[in-house]
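# Overview (structure and organization)
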Amino acid sequence: MKKIILGLVLILPLVITACSRHEQTASMPEAKVSKYHCPMHPTYIKDEPGECAICGMDLVPIEADDEGVSEDDVEGLATIKVDPRRRQLI
């Protein structure tokens, strides 16, 4: 009988904390990232994070481009945008 009571006393706080953590994570807003791609193989796209099947690198989120197409873009060629801080390093 003492073992049962001792077991309940030890397990009950764990159950309570686990339930409270679940409620906190359920109420957190989800990220709006819908697609992920491999930095080395940009054509490899998945719906959830993970690893690239080709090289094993971690997939990174695809960022939405709010600017759209500019006048300088050439049809059929990819546009590369470099952060100003990275430009300075180059």
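Everything below is about the structure printed above this text.
Residues numbered from 1 in each chain as written. Predicted model: local features only at pLDDT ≥ 70, side-chain atom pairs only at ≥ 80, totals over all residues. Heavy atoms only, no water.

### So, the state of the cysteines
Across all of its chains, the model carries 0 disulfides by this definition. The structure places no disulfide on Cys52, whose sulfur is separated from the nearest cysteine sulfur, that of Cys38, by 3.6 Å. The cysteine Cys55 is free of any disulfide, with Cys38 supplying the nearest cysteine sulfur at 3.6 Å. For Cys55, a relative accessible area of 37% translates into the label partly exposed. (Disulfide = S-S within 2.5 Å. Buried < 20%, exposed > 50% of the residue type's maximum accessible area, 1.4 Å probe, protein only.)

### Here's the deal with a nonpolar patch on the surface
Taken together, Met1, Ile4, Ile5 and Val9 make up a surface patch of nonpolar side chains, about 460 Å² in accessible area. By the secondary structure assignment, Val9 is in helix 1 (residues 2-27). In this structure Val9 comes out as exposed when scored by relative accessible area, which is 53%. (Patch = residues over 30% accessible without salt bridge, like charges linked within 9 Å, V, L, I, M, F, W, Y side chains within 5 Å. Areas by Shrake-Rupley, 256 points an atom, 1.4 Å probe, with all protein chains shown as cover. Salt bridge = Lys/Arg side-chain N within 4 Å of Asp/Glu carboxyl O. Helix = DSSP H or I, 4+ residues; strand = E, 2+ residues; numbered from the N terminus.)

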